[in-house]
Amino acid sequence: PPGIMETTYKVVMLDDGSITVDAPSTVFPETGYFTLFDEAAYSKGKKGHSFHKYVERAPYTKEHFKLKDDEVNEKWTVLTAPTDKEGDLLPDKDFIPPSLGLNTLGKKGADAEILSTLTMCPGLKIPECPEGSEPNLRCRMYRNKYPDVEETVVVLVKRIDVMGVYVSLLEYDETEGMILLSELSRRRIRSVKKLINVGRQEVALVLRVDKDKGYIDLSKRRVSPEDVERLDEQFNKSKAVHSIMRNVATTKRRDVEDLYQAFGWEIASEYGHILNAFKRLLSEPKLLDKYDLSEDVRAAVLSNIELRLTPQPVKVRADFEVTCFAYEGIDAIKSALTSGMECGTKTNPISIRLIAPPLYVMTCNTLDQEFGIQMLQNALEKIKAEITAKKGEILIKMAPTAVGAEEEAALAKALEAAQKENMEVEGDDDEEEDEDA
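Quick caveat, the model's predicted, so the values are computed rather than measured.

A. The packing of aromatic side chains, seen in detail. Under the defined criterion, the tally for this structure stands at ten aromatic pairs. Their ring planes at 20° and their centres at 6.0 Å tell us that Phe320 and Tyr360 sit as a pair that is stacked. Of this pair, Phe320 sits in strand β13 (residues 314–323) while Tyr360 sits in strand β15 (residues 359–366), placing them 40 residues apart in sequence. As far as the burial class goes, Phe320 and Tyr360 line up, both buried. Here the basic side chain of Arg159 rests over the ring of Tyr166, its NZ or CZ set 4.0 Å away from the ring centre.

In structure tokens form, the structure reads like this:
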């Protein structure tokens, strides 16, 4: 297989749910993954590899199988595919090479002609693109080739016709779909262009899917605001994953669909979404080990995740006024502010600066925005408790909130202006001395 440096083993028997390999069982973990190669497909210029999961391994001996003495071969290993409680193969978990174009290998399994071209290796080893060709970066974002009926999808409006609006499903490799005019709005349509425009991104509900003909009928009027909000969050997560996968595919010369098929959709089923798994990998990179990826692909995946998903520090800020006209006065204010700063941590210290009496600004840098906001809120409550006990007052001008570059620039200008006002003008002291004289 192109770009595969690992040792491959001959396939000696193969059926829908098991594969027998000319390799000892010590080569394979108890459960894991393997890559199957069809040399005949490669010779025809077709894709000749597929990725599979097995849940059990066993040597080809009487201890594990009903065999005659002359059939036993301790150097062979049998790997078994995942099944449900009834013993039926799980969907998309069979061992049939897609390059054969078969739905089943039958009761007898693969014949000698098929077996003569098949090899495999442990782990998910994704072949590189052949020299002179570029990796295919097009792929759907989810395992299913088509969406399910009543699933909400993100679409891009391509053109408006007399029959309806033609769109492409962005999550499903821009597969074409159509929104009938009657499904555009619950209200009477006076002008289609006022409802929908070419180039605009919309959310639609899947009404019908004809997988044989590739027809997908959609509805816009049956989508609720809750559907839009929920799908927007999921689509943003899927786009973030797709960006990482495409970058790995580009830099390591692998087809992006191979990355999804090898491990992407597998970890999606385990963690609910690929992005959830990617975020776990930031702190637990060993979670990727069980897929036994090629070292260059594994390193590229982890480096891209670290580059794109590592949380960036956020500045949280609150503005408030503190006054105290009692006997302790300024000492009470200093004590109250100090108690508020003590609510900070070593990694997230709280800073309080004077803008202009009696206005102060409280800030902290944190990787967790919600944690930072809550920490400043606790600090303000502590300041309030202490200053109130000493007959002072606190007035919150801006509640704790995350701020960006514009707010920081405005704060810097305010501090600079306050500093200028508080500076003594050169020569003031001499003038005062002359007046006294």
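B. Quick peek at the side chain of Thr175. Considering the arrangement of structural elements, one finds Thr175 in strand β10 (residues 175–180). A distance of 2.7 Å separates a polar side-chain atom of Thr175 from the backbone oxygen of Tyr172. Excluding anything up to four places from it in sequence, Thr175 contacts Tyr146, Val167, Ser168, Leu169 and Ile216.

C. Quick peek at unusual backbone geometry. Residue Pro358 follows Pro357 across a cis peptide bond; omega there is 5°. Within the element layout of this structure, Pro358 appears in the loop between β14 (351–356) and β15. Although it is not a glycine, Glu150 sits at a positive phi angle of roughly 75°. Positionally, Glu150 belongs in the loop between β7 (118–122) and β8 (152–160). Of note in the backbone geometry, Asp292 takes a positive phi value of approximately 50° without being a glycine. Secondary-structure assignment places Asp292 in the loop between α6 (274–283) and α7 (295–309).

D. View of the state of the cysteines. Under the counting rule described, the total for this entry stands at zero disulfides. No disulfide involves Cys364; its nearest neighbouring cysteine sulfur is the one of Cys343, lying 11 Å away.

E. Region of the structure containing the side chain of Lys93. Within the element layout of this structure, Lys93 appears in the loop between β6 (73–80) and α2 (112–115). By relative accessible area, Lys93 is classed as buried at 16%. There is a polar contact of 2.8 Å between the side chain of Lys93 and the side chain of Glu266. Look past the residues within four positions of Lys93 in its chain and what remains in contact with it is Ala81, Pro82, Arg143 and Glu266.

F. Quick look at helix α8 (residues 330–341). The end-to-end C-alpha distance of α8, which contains twelve residues, comes to 17 Å, matching closely the 16 Å that a straight helix rising 1.5 Å per residue would cover. Of all the residues in α8, the buried ones are Ala332, Ile333, Ala336, Leu337, Ser339 and Gly340. Buried residues of α8 fall within an arc of 155° about the axis and therefore sit on the same side. At its buried positions, α8 is contacted by β13, β14, β15 and α9 (369–389).

G. Spatial organisation of the sheet that holds strand β4 (residues 49–54). Read from one edge to the other, the open sheet built from seven strands follows the order β4-β3-β7-β1-β2-β6-β5, with strand pairing classed as antiparallel. The strands lining the two open edges of the sheet, one partner per strand, are β4 and β5 (56–60). Averaged over all pairs of adjacent strands, the angle between strand axes in this sheet comes to 35°, irrespective of strand direction. In this sheet, β7 lies alongside strand β3 (residues 32–38) in antiparallel orientation, the contact comprising five bridges. Note that in β7 the partner of Thr35 across the bridge is Cys121. Along the sheet face, helix α5 (residues 256–271) touches β3 and β4 and points at about 15° away from the line of β4.

H. Main features of the environment of Glu202. Checked against the element boundaries, Glu202 lands in strand β11 (residues 201–210). On a C-alpha basis, the gap between Glu202 and Met398 in space is 36 Å, while along the polypeptide they are 196 residues apart. Ignoring sequence-local partners within four residues, the contact set of Glu202 consists of Val153, Val154, Val155, Val157, Leu195, Ile196 and Lys220. Side chain to side chain, Glu202 and Arg200 meet in a polar contact 3.1 Å long.

Definitions and limits used
- Residues numbered from 1 in each chain as written.
- Predicted model: local features only at pLDDT ≥ 70, side-chain atom pairs only at ≥ 80, totals over all residues.
- Heavy atoms only, no water.
- Phe/Tyr/Trp six-rings, centres within 6.5 Å; stacked < 30°, edge-to-face > 60°.
- Helix = DSSP H or I, 4+ residues; strand = E, 2+ residues; numbered from the N terminus.
- Buried < 20%, exposed > 50% of the residue type's maximum accessible area, 1.4 Å probe, protein only.
- Lys NZ or Arg CZ within 6 Å of the ring centre and 35° of its normal.
- Polar contact = N/O pair within 3.5 Å; in protein donor to acceptor, adjacent residues only side chain to side chain.
- Contact = heavy atoms within 4.5 Å.
- Disulfide = S-S within 2.5 Å.
- Expected span 1.5 Å × (residues − 1).
- Arc of directions from axis to C-beta.
- Pairing = 2+ DSSP bridges.
- Axes fitted to C-alpha atoms, helices over the stretch in contact; angles between N-to-C directions.

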